[in-house]
Amino acid sequence: MDYQAALDYILRFADYERMPRSAIVFDLRRVEALLERLGNPQEAAKSIHIAGTKGKGSTVAMIASILTQAGYRTGLYTSPHLLDFTERIQIDGRPIAKEAFARLVATIKPEVEAVNALKTIGELTTFEILTALAFAFFKEQEVDYQVLETGLGGRLDATNVVKPEVCAITSISFDHTDVLGDTLAQIAAEKAGIIKPGSTAVCAPQSPEAMAVILRTCQERGVRLVRVGSDITWRQKAFSPEGQTFQLKGLIGEYEFNLPLLGEHQLENAATAVAVAEILVERGAKISPESMARGIAQVRWPGRLQILKRKPWFLVDGAHNADSTRRLVKALKQYFTYARALLIFGASSDKDIAGMVAELAPFPDTIIVTRSRHPRAVAPDRLVSEFSRRGIVPEVAENVASAVELASARAKPADLICATGSLFVVAEVMEYMLKRK
């Protein structure tokens, strides 16, 4: 089996990233049955488990970077990818080799077929198979720590089969309401499903409604809760388009960090990551302040307020709900100086499009709506309708490449272009820009 055949095999199953989630029954028994047949590889390494609506990807990237800089062999499991499927499974910042991916798919395929043949708990999904493959790879490569980002929610997510040293919940807001619930309390209850007895929980700043659920869950399960924003505090010192410097007072030390990621929300994510690292130190890990500083300084997490070009500024950001869009607009105004702002916007059909448009509408001078190749991408005419309700008539580009060309033709050297609304739009912008180099 070569890489493409392996990828085709995994993608032939139900994939909630590409199909309506209402069509999938979430049930941990399927992935547990598969992992049992594989010898429970998820138990081989110490786990750090992260859930949340926003910031969980950046946070796991920082945690993994810190652990790698401390000398630990560190697995990282995230989703979705930007440019290549192998990005989802990494060790010490390096994606799994395509040959290794294909070999492991061939290895686990008979076990997948055996579980599916039971016909009592439904057929395994793409994400469940990929999660098992990640655990198998991390066990094979003898990682010390595995840092895991939940795919959707937490309680019934396929990653929720580990007993973590530390679990963390990043900022919670409205997203995936069709599956997770339509109140912040319901969404928080799903995210808090990763909190388990024997671990320590870290929680980013939350709305009172969400925090009450997380606090109650920790009390019920006898889990210590560390609150970012009160137990962990920080202060921004300086910033530029190249990054930002901040001071942080943690549980066991005070630090100064240089962070290459932009946006005040990334300081919150960094504080969450440092809190996780400090708890690991309390549990016996050898992570020095210097390792933390190097880990934060060297973190890479593409597609989030990432600069692709200058003169004009050309940025991409994967904001895909109203709250993250609001933070994006604030960051663009804070970190960049420009004459005019041009926006490329595309979204997935299951997102709060009206909420995102409400945040974006007052910001740009020119808006270009488009759609990615992703099957859940919303048609441009729906985006036109949303902006028109606010008295704005956007330009339309039928695909992302055309949107980039149109924005580039409109922009002058002193302007700023930002493509946002979906990581799938961001990925296609990055693909197009790479081809033009």
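Rules behind the numbers
- Residues numbered from 1 in each chain as written.
- Predicted model: local features only at pLDDT ≥ 70, side-chain atom pairs only at ≥ 80, totals over all residues.
- Heavy atoms only, no water.
- Pairing = 2+ DSSP bridges.
- Helix = DSSP H or I, 4+ residues; strand = E, 2+ residues; numbered from the N terminus.
- Contact = heavy atoms within 4.5 Å.
- Axes fitted to C-alpha atoms, helices over the stretch in contact; angles between N-to-C directions.
- Core = buried A, V, L, I, M, F, W, Y, C linked by side-chain atoms within 4.5 Å.
- Buried < 20%, exposed > 50% of the residue type's maximum accessible area, 1.4 Å probe, protein only.
- Arc of directions from axis to C-beta.
- Polar contact = N/O pair within 3.5 Å; in protein donor to acceptor, adjacent residues only side chain to side chain.
- Phe/Tyr/Trp six-rings, centres within 6.5 Å; stacked < 30°, edge-to-face > 60°.
- Lys NZ or Arg CZ within 6 Å of the ring centre and 35° of its normal.

Asks: Outline the sheet that holds strand β8 (residues 224-227), listing residues and values.
Replies: With mixed pairing, eight strands are arranged side by side in an open sheet as β4-β3-β2-β5-β1-β6-β7-β8. Edge strands, defined here as strands with exactly one partner in the open sheet, are β4 (94-95) and β8. Of the pairings in the sheet, the one linking strand β2 (residues 74-77) to strand β3 (residues 89-91) comprises three bridges and is antiparallel in character. For G75, the partnering residue across the bridge sits in β3 and is I91. Along the sheet face, helix α8 (residues 208-221) touches β6 (166-169), β7 (200-203) and β8 and points at about 150 degrees away from the line of β8.

Asks: An account of the nonpolar core is needed here, citing residue identities and associated values.
Replies: In this structure, I48, L67, V202, L259, L280, I287 and I296 are the most contacted members of the largest nonpolar core, which totals 41 residues. At the level of elements, β1 (46-51), α3 (56-69), β5 (145-149), β6, β10 (243-249), β11 (254-259), α9 (264-282) and α10 (289-297) are the ones that each hand at least two residues to this core. If one sorts the elements of this core by residue count, α9 sits on top with ten residues. Each residue touching L259, except ones within four places of it in the same chain, is listed here: M62, G243, Q244, F246, Q266, L267, A270, I296 and V299. In this structure, L7, L28, I96 and I129 belong to the second largest nonpolar core, which totals 40 residues.

Asks: Would you mind going over unusual backbone geometry in detail, with residue names and values included?
Replies: Here the residue pair S79 and P80 is connected by a cis peptide bond, since its omega of -10 degrees sits within 30 degrees of zero. Locating P80 in the fold gives a position in the loop between β2 and β3. A cis geometry characterises the amide bond from K311 onward to P312, with omega recorded as 0 degrees. The topology assignment puts P312 in the loop between β12 (306-309) and β13 (313-316). If you check the backbone angles, D92 has positive phi at about 50 degrees while not being a glycine. Tracing the backbone through its elements, the reader meets D92 in the loop between β3 and β4. Positive phi outside glycine occurs at K311, with the angle close to 55 degrees. Inspection of the secondary structure assignment puts K311 in the loop between β12 and β13.

Asks: Any chance you could break down helix α1 (residues 3-11) for me, citing the residues and the numbers?
Replies: Regarding α1, the residues found buried are Y3, A6, L7, Y9 and I10. End-on, the buried residues of α1 take up no more than an arc of 160 degrees, which puts them together on one face.

Asks: Describe the pairing of β5, with residues and values.
Replies: Burial of β5 is extensive: five of the five residues sit out of reach of the surface. Covered by surrounding structure in β5 are Y145, V147 and E149 together with Q146 and L148, the residues of both alternating faces. Here five bridges tie β1 to β5, and the two strands are oriented parallel to one another. Its bridge partner being in β5, H49 is matched across the sheet by L148. Here four bridges tie β2 to β5, and the two strands are oriented parallel to one another.

Asks: Break down the environment of T159 for me, citing the residues and quoting the values.
Replies: The residue T159 is located in the loop between β5 and β6 in this model. C-alpha of T159 to C-alpha of F135: the two residues are 24 residues apart in sequence and 9.4 Å apart in space. Ignoring any residue separated from it by four or fewer positions in sequence, one finds T159 in contact with H49, Y77, F127, T131, F135, L148, E149 and T150. Within the structure, T159 has its side chain in polar contact with the side chain of H49 (distance 2.8 Å).

Asks: Tell me about helix α12 (residues 353-360), residues and numbers included.
Replies: Listing the buried residues of α12 in full gives I353, G355, M356, V357 and L360. Elements in contact with the buried residues of α12: α11 (322-335), β14 (341-345) and α13 (380-388).

Asks: A description of the sheet that holds β14 should follow, citing residues and the corresponding values.
Replies: Pairing between the strands of a sheet is mediated by backbone hydrogen bonds and can be parallel or antiparallel. Across the sheet, which stays open at both edges, the six strands sit in the order β12-β13-β17-β14-β15-β16 with mixed pairing between neighbours. The sheet terminates laterally at β12 and β16 (395-396), the two strands that pair on one side only. With five bridges connecting them, β14 and strand β17 (residues 416-420) associate as parallel partners. Bridge pairing in β17 links I344 to A419.

Asks: Describe the packing of aromatic side chains, with residues and values.
Replies: Per the stated rule, a full pass over the model turns up twelve aromatic pairs. Between F246 and F257, the ring centres sit 5.4 Å apart and the planes meet at 40 degrees, which makes this aromatic pair tilted. Separated by eleven residues along the polypeptide, F246 in strand β10 and F257 in strand β11 bring together distant segments of the chain. For F246, a relative accessible area of 0% corresponds to the buried category. The structure contains a cluster of three or more aromatic residues connected by ring pairs, namely Y3, F85 and F101. For R88, the ring lying beneath its charged end belongs to F85, and the centroid distance is 4.4 Å.

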